[in-house]
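In case you want the letters, here they are:
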Amino acid sequence: MGRLGSKGLLLLGSMIMLGGSAQAQYLRSSYFMEGTSARLQLNPGLQPTKGYFNIPVIGSFNMSASSNVLGTSDIIDIINSGSDLYSNDALFNCLKADNRMNVNLNTDILSFGWYRGKGFWSFNVGLRTDFGATLAKDMFSMMRTMNGFSLEDVAGTNQSYNLSNQTLNLKAYAEIGLGYSRRITEKLTVGGRVKVLLGLARAEMNINQFDLNLDVPNPNYMNNQNYESRGELSPSDWYGAHYSYSADGNVITTLKGGGMTFDNNGMIDNFELDASDLGIAGSGFGIDLGASYKVWDNLTVSASILDLGFLKWKESETTVATVSGKADETIDANNYDRYIGGDFLSFERFDFEEGSSEKVKTKTHLYSTLLLAGEYGLLNNKLSVGAMYTARFAEPKTLNELTFLATFRPKNWLNAAISYSPIQASGKSIGLAVKLGPLFVGTDYMFFGGNSKSVNGFLGISFPLGGKPKPLSEL
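Residues numbered from 1 in each chain as written. Predicted model: local features only at pLDDT ≥ 70, side-chain atom pairs only at ≥ 80, totals over all residues. Heavy atoms only, no water.

On to the pattern of salt bridges. Scanning the entire structure with this criterion turns up eleven salt bridges. For R28, the salt bridge is made with D444, and the minimal N-O distance between the two is 3.9 Å. One end of the pair, R28, is in the loop between α1 (6-19) and β1 (52-54); the other, D444, is in strand β21 (residues 439-447), with 416 residues separating them in the sequence. With respect to burial, R28 and D444 carry one shared label: buried. Measuring nitrogen to oxygen at the nearest pair gives 3.0 Å for the salt bridge that ties R128 to D108. Of this pair, R128 sits in strand β4 (residues 119-136) while D108 sits in strand β3 (residues 98-116); the two residues are 20 residues apart in sequence, bridging distant segments of the chain. Through salt bridges with shared partners, a single network forms among D108, R128, E175, R193, K195, D288 and D307. (Salt bridge = Lys/Arg side-chain N within 4 Å of Asp/Glu carboxyl O. Helix = DSSP H or I, 4+ residues; strand = E, 2+ residues; numbered from the N terminus. Buried < 20%, exposed > 50% of the residue type's maximum accessible area, 1.4 Å probe, protein only.)

Moving on: the packing of aromatic side chains. Considering all chains together, one arrives at eight aromatic pairs under this definition. Plain terms: the ring middles of F440 and F458 are 5.4 Å apart, the flat faces sit at 55° to each other, and that makes the pair tilted. Highlighted residues: F440 in strand β21 and F458 in strand β22 (residues 454-464), separated in sequence by 18 residues. Residue class for F440 comes out buried when judged on its relative accessible area of 5%. Aromatic rings pair up to connect Y52, Y115 and F120 into one cluster. A cation sits over an aromatic face here: K171 above Y367, 3.9 Å from the ring centre. The lysine or arginine in question, K363, covers the ring of F310, its NZ or CZ lying 4.5 Å from the ring centre. (Phe/Tyr/Trp six-rings, centres within 6.5 Å; stacked < 30°, edge-to-face > 60°. Lys NZ or Arg CZ within 6 Å of the ring centre and 35° of its normal.)

Turning to the side chain of R392, a few remarks are in order. Along the chain, R392 turns up in strand β17 (residues 383-392). We classify R392 as buried; its relative accessible area is 1%. Polar contacts involving the side chain of R392 include one to the side chain of N104, which spans 3.4 Å. At 3.4 Å, the side chain of R392 forms a polar contact with the side chain of D130. (Polar contact = N/O pair within 3.5 Å; in protein donor to acceptor, adjacent residues only side chain to side chain.)

Nonpolar side chains collect at one region of the surface, where V57, I58, F61, L105, I109, L127, W413, V434, L436, L439, V441 and L459 lie side by side and expose about 960 Å² of accessible area between them. Of all elements in the fold, only β3, β20 (429-436) and β21 reach the threshold of two or more residues within the nonpolar patch. By the secondary structure assignment, L436 is in strand β20. (Patch = residues over 30% accessible without salt bridge, like charges linked within 9 Å, V, L, I, M, F, W, Y side chains within 5 Å. Areas by Shrake-Rupley, 256 points an atom, 1.4 Å probe, with all protein chains shown as cover.)

Geometric descriptors of this kind do not, in isolation, establish any biological role.
Structure follows, in structure tokens:
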């Protein structure tokens with residue numbers, strides 16, 4: 001059990017922004033690799049050359065992350081510097097007024113597919129995590145000041161910070177899916193997947209308004225003859241500073257066996273977690289739809305829409321903290337610890353108090369993805385070239401990507417693809433994917449001296465299951 005502070009949530013977003021920077025939820029480079037099951041995640045209307053059984057957990061593992069702020073070279077430089085997060089100039093100089101990031105983690109605990117009659121069936125039980133955030137550069141500016149960074153520059157000035165329109169969104173849920181695809185004609189194949197969703201955890205922070213002012217006349221600081229010999233500030237150096245803010249926001253957690261707790265005054269006290277009581281905190285439904293159509297013998301077009309659905313979280317497992325109002329104080333010995341000392345971004349400082357779960361939305365939508373693709377086959381369809389457009393409707397902003405692919409597929413056990421995605425990677429990377437026997441690995445972003453703001457990776461281990469598809473005339 002530990003005390004909950006907004007600093008912890010903001011630091012979570014910062015670490016994710018520093019720790020990885022992908023666009024789509026699944027591996028686009030696998031899309032035209034007919035020997036892999038990974039392509040079904042992008043379009044349930046596609047069919048592999050054989051049935052499959054994926055090794056549990058590591059048989060279908062995918063991670064992706066994207067940021068409009070930091071690239072891979074920036075991250076390496078920051079890690080190597082060993083500097084404090086907020087006082088790190090390399091980080092601060094990379095930031096924009098609006099800093100966005102998205103992270104997705106997916107794995108199937110159990111997944112397999114097989115041909116039966118006129119169609120192809122697939123089944124999976126998986127775990128999914130989606131994270132999105134928007135952070136203001138002023139938040140980092142404020143923390144540089146509040147942590148004692150360059151206070152010589154702010155004494156005798158008025159510091160104003162606009163921290164409005166910041167968000168953090170995290171959803172973790174389990175998925176039980178059943179898919180089916182069928183060739184309607186020699187040219188047209190359609191498919192779909194229905195998914196039962198079980199919510200595991202949800203966390204949101206929505207800062208609609210947060211305007212902070214700090215007036216620092218602070219004669220004690222400027223006139224303290226012993227400051228240089230002490231090498232640090234004392235609380236009295238802040239006395240006389242004027243502190244005020246205007247805020248409107250909320251924090252929401254939904255978790256069976258845990259959540260925020262409040263003291264007798266209705267203020268945030270702790271965050272509790274009882275591992276023995278963890279369980280289902282919500283439920284929902286999702287659907288994927290897809291189709292492919294052979295225009296000519298060598299030209300095929302396809303489309304899909306993924307993750308149309310929602311999660312409805314239980315009010316009984318939801319805790320809410322809200323802040324709405326203003327504060328206006330002059331710093332002295334009685335209130336220094338509340339407004340300047342300690343954890344500057346603690347919820348207690350900004351008067352977050354218990355709110356009602358009845359006044360917040362309990363229904364959240366999945367991040368849907370739209371996919372459009374075209375492929376031209378060569379050398380008796382053992383080689384193909386194609387293009388794909390994807391749009392993932394994530395928060396805080398839709399992520400778009402255009403991908404060009406060349407795929408080599410001489411055998412079911414040997415498939416390889418190379419791809420180029422110019423938008424998220426700024427044209428500075430290629431994608432590679434290889435299926436060699438049961439092992440499949442790939443990434444849409446492989447950099448050679450570039451500074452990528454997107455990365456992803458896929459690991460799969462699967463074995464053949466069942467027979468091959470039969471010609472439509474035999475069905």
